[in-house]
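Coordinate inspection notes
The primary structure of each chain is shown beneath.
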Amino acid sequence: MTKIKICGLTRPCDIDFVNEAKPDYIGFVFWKKSRRSVTREQAAVLKAKLDPDILAVGVFVDEKEEIVAELVNAGIIDLIQLHGTEDAAYVARLRKLTDKPIIKAFCGDQMGEALRNGFPAHYYLFDSGKGTGKIFDWDLVPEIEKPWFLAGGISAENVIEAIEKLHPYAVDFSSSVETNGKKDRDKILKIVRRIRDVER
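Remember, predicted model here, so these are calculated numbers, not experimental data.

1. Observations regarding the environment of Gly8
In this fold, Gly8 is placed in the loop between strand 1 (3–7) and helix 1 (12–21). Under the relative-accessibility criterion, Gly8 is labelled buried at 3%. For the pair Gly8 and Lys187, spaced 179 residues apart in the sequence, the C-alpha separation amounts to 14 Å. Leaving out residues up to four positions away in the same chain, Gly8 has contacts with Gly27, Val29, Arg36, Ser174 and Lys183.

Quick look at the structure:
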């Protein structure tokens, strides 16, 4: 069954929405340039409200390894998502600080590069950019055995097509489950139920 991630949660009510919908993962963005960014303190409060069956992913862009490791080792997040220029050496340094799972995001032409070089992450994430909410050319996705997340413009209208065509390990939603820039309960419930109903 395809896993579901709802990314960019910022408010206590967002946690209520996902606790009701029951996706597999949620995301906290720690990149200060994002409108969805949260602080360590905000994320800790939100994580305390989160259903323990839902795993929290921390999204980082070229952050110091020590800061990333502290957040995951403190239990504020359960997985690490790297969305910047982090390389294999960065991951090696990070793994000396924590053994938690790592997701590495790749965009556009980087996708083939990820496969050729076997980037040392537990999961890959293929996207069109840093939170652009736009679909990329799905034909760019390489044949790959490593589990991977599909992001970038995935919505209730195209998610089933994406799953049937690409068979990702997980699908990742953010802007498509928002109204006026805020997470929308009805949209979250709709998209999770649609995927679950089809896959049953």
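2. What to know about the environment of Val45
Mapping Val45 onto the fold places it in helix 2 (residues 40–49). In this structure the C-alpha to C-alpha distance between Val45 and Gln81, which are 36 residues apart in sequence, comes to 20 Å.

3. Structural notes on the pattern of salt bridges
Here the structure, examined in full by the defined rule, presents 14 salt bridges. Between Glu70 and Arg40 there is a salt bridge whose closest N-O contact spans 2.7 Å. Taken together, the residues span a long stretch of sequence, with Glu70 in helix 3 (residues 65–73) and Arg40 in helix 2 at a distance of 30 residues. For Glu70, a relative accessible area of 34% puts it in the partly exposed group. Linking Lys104 and Glu86 is a salt bridge whose minimum nitrogen-to-oxygen distance equals 3.1 Å. Within this pair, whereas Lys104 is found in strand 5 (residues 102–107), its partner Glu86 is found in the loop between strand 4 (79–82) and helix 4 (88–95), the two being separated by 18 residues in sequence. For the pair shown, Lys104 and Glu86 are each scored as buried.

Criteria and cut-off values
Here the residue index of a chain counts from 1 through its sequence in written order. This being a predicted model, a pLDDT of at least 70 is required before a residue's local features are given, and a value of 80 or more before pairs of side-chain atoms are given or counted; all residues contribute to the totals for chains, interfaces and linings. To obtain the side-chain values, all non-hydrogen atoms of the structure were included, while hydrogens and water were left out. The numbering of helices and of strands both runs from the N terminus, where a helix is a DSSP run of H or I of at least 4 residues and a strand a run of E of at least 2. Working definition: with a 1.4 Å probe on protein chains only, accessible area under 20% of the residue-type maximum means buried, over 50% means exposed, and in between means partly exposed. When checking whether two residues touch, look at their non-hydrogen atoms; a contact exists if any pair is within 4.5 Å. For salt bridges, the criterion is a side-chain nitrogen of Lys or Arg within 4 Å of an Asp or Glu carboxyl oxygen.

Limitation: the analysis is restricted to geometry and does not speak to function.
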